[in-house]
Amino acid sequence: MKTMRILVTDDDPIIRKLFAKRLRQEGYQVTLAPDGSEAARLLDAMPFDILITDLVMPGGIDGIALLKRAKEISLDIEVIVITAHSSIDTAVDAMKKGAVDYLEKPIHFDELFLRLDKIREIKSLQKSADDLREAIQVTENSAAQTIQELEMINSNLLIKIDEMEEILTDFSQNAEARIERALKILEPR
Amino acid sequence: MLKISPDETRLITRYIHEISGIFLDESKKYLLETRLNAIAEAEGCRSYQDFYTKAKADASRTIERKIIDAISTNETLFFRDTNPFQLLQHKILPELIDARTPKVPSMKTPLKVWSAASSTGQELYSVAIVLKELLGDLSRYNVKLLGTDISDTAIAQASSGKYNKFEIERGLARDKLQKYFSLTGQSWKINDQIRSMVNFRKLNLMLPFTGLGKFDIVLCRNVAIYFSQEDRKKLFNKIADILEPDGYLLIGSTESLTGICPRFIPKRHLRSIFYQLK
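Just so you know, these numbers come straight off a predicted model, no measurement behind them. Along each chain, residues carry numbers from 1 onward, in the same order as the chain's sequence is written. Note on labels: chains are lettered from A, ligands numbered from 1, in written order. For this predicted model, a pLDDT threshold of at least 70 governs which residues receive local features, and a threshold of 80 or more governs which side-chain atom pairs are given and counted, while totals over whole chains, interfaces and linings are taken from all residues. Derived side-chain values reflect all non-hydrogen atoms in the structure, with water molecules and hydrogen atoms excluded from consideration.

> Just checking my understanding: could you explain the overall build of chain B for this structure?
Regarding its fold elements, chain B presents 11 helices and 10 strands. For chain B, the spread of C-alpha atoms along the three principal axes comes to 65 × 50 × 35 Å. The rule is simple: take the accessible area with a 1.4 Å probe, protein chains only, and divide by the maximum for that residue type; under 20% is buried, over 50% is exposed, in between is partly exposed. For chain B, the proportion of its 278 residues judged to be buried stands at 52%. Considering only contacts within chain B whose residues lie at least 6 apart along the sequence, 73% involve residues at least 24 apart. Per-residue and other accessible areas were derived by the Shrake-Rupley procedure at a 1.4 Å probe size, with only the shown protein chains allowed to occlude residues. Summed over all atoms, the accessible surface of chain B reaches about 12,900 Å², with 52% contributed by carbon and sulfur. Note that His is not counted, nor are the chain ends; the positive residues are Lys and Arg, and the negative ones are Asp and Glu. Charge placement uses NZ in Lys and CZ in Arg. For Asp and Glu, CG and CD serve respectively. Measuring between centres, the 42 positive side-chain charges of chain B sit 4 Å from its 32 negative side-chain charges. Numbering of helices and strands runs from the N terminus; a helix is a DSSP stretch of H or I covering at least four residues, while a strand is a stretch of E covering at least two. In this analysis, two residues are considered to be in contact whenever any of their non-hydrogen atoms come within 4.5 Å of each other.

This is the structure we're talking about:
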């Protein structure tokens, strides 16, 4: 993952501009939304890696509702909520509902960048694990086919050997008849 | 990091075999060091000999539990490898239900399934989900789903029915996730109806299977691979003893019973193999 796609939702135009400027300077792809409804529309329309949202916003969809919406759309979207110092409880509540982290106002961007780095690191490790699992799965499927084939062939051969043994040791018939019957078992059915 | 000597490697691998059945040969020295070092150091041990003595003397068996957790592999997924679950859904369960439905309509249809190495529970919950989807109303059935594992920690997580997003996302289709799980905080919890269908308890597969009863289906997937050839023979022989005469055994997709247990005969259905008693 070279750059992460970030959606920033805040009703304050100055804060939005500040986020856009600082995040773009760091090389992130930034999209801005002025409220929850617009953010929800954007989440539906295009993929994002991270949603940064203010908790308190005017309109029908607040930060918590937006968080829920984002997680419904994709569990891969990581959500960071922004909160005033006085409402840490709400931020903790957001984390219980699936937010990965919270930021206190005023925003310390260096702190945010560190957290974004950590998220990227975790996502990249996760991707390596997924790739490895995928590779194992391909190997396993191919091995499984071979093993199944061998297991069935082996089992059928064992059954044939048992049958031949039974016929060959059936001394009520003469040797020639026994051999003839035994050879029949080897013919493909 | 504590270094392990060849003598200590033999001592510890023998001990691990004793407590878990897991067979490690001397080439696994590296695995022992990386997985056990943290526990040994936390116990204040100066050597692996010291660690062994301490583990043996620990009446609470806390160290033993920690060793089992560290050594056992809990790689499992919901619907890991889709084939066996399709086999259950389209072949085994319909056949069994046909065979088990009592003549008297007021009696319930019994069905007993055992996941022999259930790890953190995903396999058994997947079976429960398949059953629920197939049967709908379960009131006419007497379904018993048992999961056992050597690790107390795995059993505890399985019983809780809670999974983090990494454990849940892979393998589980979105519709099943929405239908059978609810999100609480960062973890997903299986719903009570599915939860109530299953039971988990600790079991060492090396010990006798007393009190388990008989089963219609046994899943013993990807666990015997950690055992020695001798122990595999014993294990599948014991499974043959507790399987109903017309019951079904499922093993891992890359496992084979050739040379392990002649009492079973492989049968093929589509892309899967299952085993039945001869």
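> Explain the sheet that holds strand β4 (residues 181-184) of chain B to me, please; I cannot follow it from the model alone.
Pairing between the strands of a sheet comes from backbone hydrogen bonds, and it takes one of two forms, parallel or antiparallel. Residue and element names in this part refer to chain B. Within the open sheet, the 3 strands sit side by side as β3-β5-β4. Their pairing is antiparallel. The outermost strands of the open sheet, each flanked by one partner alone, are β3 (162-164) and β4. Across this sheet, the average inter-strand angle for adjacent strands is 35°, counted without regard to direction. Taken together, the 4 bridges between β4 and strand β5 (residues 187-190) define a ladder with antiparallel strand orientation. When the bridges of β5 are listed, Thr-184 appears paired with Ser-187. At least two bridges found by DSSP between two strands is the condition for calling them paired. Every axis corresponds to a line fitted to the C-alpha atoms, with the helix fit spanning only the stretch in contact, and the corresponding angles, defined between N-to-C directions, vary from 0 to 180 degrees.

> I would appreciate a short explanation of the pairing of strand β10 (residues 272-277) of chain B in the present structure.
Sheet faces and side chains relate simply in a regular strand, where the side chains alternate between the two faces. All names here are of chain B. Within β10, 6 of the 6 residues are buried, which leaves the element mostly enclosed by the surrounding structure. Of the two faces of β10, the one lined by Ser-272, Phe-274 and Gln-276 and the one lined by Ile-273, Tyr-275 and Leu-277 are each fully buried. Pairing between strand β9 (residues 264-269) and β10: 6 bridges, direction antiparallel. Counterpart to Arg-268 in the pairing with β10 is Ile-273. Hairpin connection of β9 to β10: 2 residues between the antiparallel strands, including Leu-270 at a positive phi of 50°.

> Is there a simple way to explain the domain arrangement of chain A in this structure?
By a widely used convention, the size of an interface equals the accessible area lost when the partners come together. By the assigned domains, chain A splits into domain 1 (5-107) and domain 2 (135-186). Between domain 1 of chain A and domain 2 of chain A, the C-alpha centre-to-centre distance is 66 Å. Just so you know, the domain bounds were taken from an automatic or database domain assignment.

> Just to check I follow, could you spell out the environment of Gln-49 of chain B for this structure?
All names here are of chain B. Mapped onto the elements, Gln-49 comes out in helix α3 (residues 48-57). Judged by relative accessible area, which is 40%, Gln-49 ranks as partly exposed. Sequence spacing of Gln-49 and Thr-9 is 40 residues, and the spatial spacing of their C-alpha atoms is 9.4 Å. Not counting residues within four places of it along the chain, the set of residues in contact with Gln-49 comprises Glu-8 and Leu-11.

> How should I be thinking about unusual backbone geometry in this particular structure?
A negative phi holds for most residues other than glycine; trans holds for most peptide bonds. Residue Lys-105 of chain A is joined to Pro-106 of chain A through a cis peptide bond whose omega torsion reads -5°. Mapped onto the elements, Pro-106 of chain A comes out in the loop between β5 (101-104) and α5 (109-168). Residues other than glycine seldom take positive phi values, yet Leu-270 of chain B does so here, at roughly 50°. Within the secondary structure layout, Leu-270 of chain B lies in the loop between β9 and β10.

> Even after reading the chapter, I still don't get the nonpolar core, so can you show me in this structure?
The tendency in soluble globular proteins is for nonpolar side chains to be buried side by side. Residues belong to a common nonpolar core when they are buried Ala, Val, Leu, Ile, Met, Phe, Trp, Tyr or Cys residues joined through side-chain atoms within 4.5 Å. By size, the foremost hydrophobic cluster in this structure holds 42 residues, and its most contacted members are Ile-92, Leu-131, Leu-145 and Phe-181 of chain B. Discounting chain neighbours no more than four positions away, the residues touching Phe-181 of chain B are Phe-78, Ile-129, Tyr-163, Ile-168, Leu-172, Lys-176, Trp-188, Lys-189 and Ile-190 of chain B.

> Would you mind going over the pattern of salt bridges with me for this structure?
Two side chains carrying opposite charge are able to pair once their charged atoms lie near each other. Note on definitions: salt bridges are taken to be side-chain nitrogens of Lys or Arg within 4 Å of carboxyl oxygens of Asp or Glu. Under the defined criterion, the tally for this structure stands at 30 salt bridges over all chains. The partner of Lys-71 of chain A in a salt bridge is Glu-78 of chain A, and the shortest N-O contact between them spans 4.0 Å. For Arg-120 of chain A, the salt bridge identified is with Asp-117 of chain A, shortest N-O distance 2.9 Å. Taken together, the residues Arg-120 of chain A and Asp-117 of chain A, both in helix α5 and 3 residues apart, mark about one turn of the helix. Counted as one network, the salt bridges with shared partners bring together Lys-71 and Glu-78 of chain A together with Lys-165 of chain B.

> Sorry if this is basic, but what is going on with the domain arrangement of chain B here?
All names here are of chain B. The assigned domain composition of chain B is domain 1 (6-71) and domain 2 (82-277). One C-alpha centre belongs to domain 1, the other to domain 2; they are set 30 Å apart. With 10 residues of domain 1 at the interface, the matching set in domain 2 holds 10 residues. Between domain 1 and domain 2, roughly 800 Å² of surface is buried when both sides are summed, and carbon and sulfur atoms account for 52% of that area. Per-residue buried area on domain 1 facing domain 2 is highest for Phe-23, Ile-68 and Asp-69; these three make up 42% of the total on that side. At the boundary of domain 1 and domain 2, one finds 1 salt bridge. Where Arg-65 meets Asp-152, a salt bridge forms, and the shortest distance between an N and an O atom there is 4.0 Å. The definition of a polar contact used here is a pair of N or O atoms within 3.5 Å, where within protein one atom must be able to donate a hydrogen and the other to accept one, and adjacent residues in sequence count solely through side-chain atom pairs. There are 5 residue pairs in polar contact (both at pLDDT 80 or more) connecting domain 1 and domain 2. When contributions to the side of domain 1 that touches domain 2 are tallied by element, the ones reaching two or more residues are α1 (6-20) and α4 (62-71). With 4 residues, α1 is the largest single contributor of residues to the side of domain 1 that touches domain 2. Buried surface area refers to the total accessible area, computed with a probe of radius 1.4 Å, that the two partners give up upon joining, counted for both partners together.

> How should I be thinking about the interface of chain B and chain A in this particular structure?
Every contact between the two is made by 28 residues of chain B and, on the other side, 26 residues of chain A. Between chain B and chain A, roughly 2,300 Å² of surface is buried when both sides are summed, and carbon and sulfur atoms account for 45% of that area. Of all residues in chain B, Arg-170, Thr-254 and Arg-268 of chain B bury the most surface against chain A, accounting for 21% of the area lost on that side. Inspection of the chain B/chain A interface yields 2 salt bridges. Glu-149 of chain A serves as the salt-bridge partner of Arg-268 of chain B, at 3.2 Å between the closest nitrogen and oxygen.

> In this structure, what is going on with the sheet that holds strand β2 (residues 29-33) of chain A? I would like to understand it.
Residues and elements named next belong to chain A. In space, the 5 strands of this open sheet follow the order β2-β1-β3-β4-β5, with parallel pairing throughout. Here the strands that pair on one side only, and so sit at the sheet edges, are β2 and β5. Here the average twist between neighbouring strands, direction ignored, is 20°. Strand direction decides the pairing type here: strand β3 (residues 50-54) and strand β4 (residues 78-83), joined by 5 bridges, are parallel. Bridging across to β4, Asp-54 finds its partner in Ile-82. Packing against the sheet, helix α3 (residues 63-73) makes contact with β1 (5-9), β3 and β4, and its axis sits at approximately 165° to β3.

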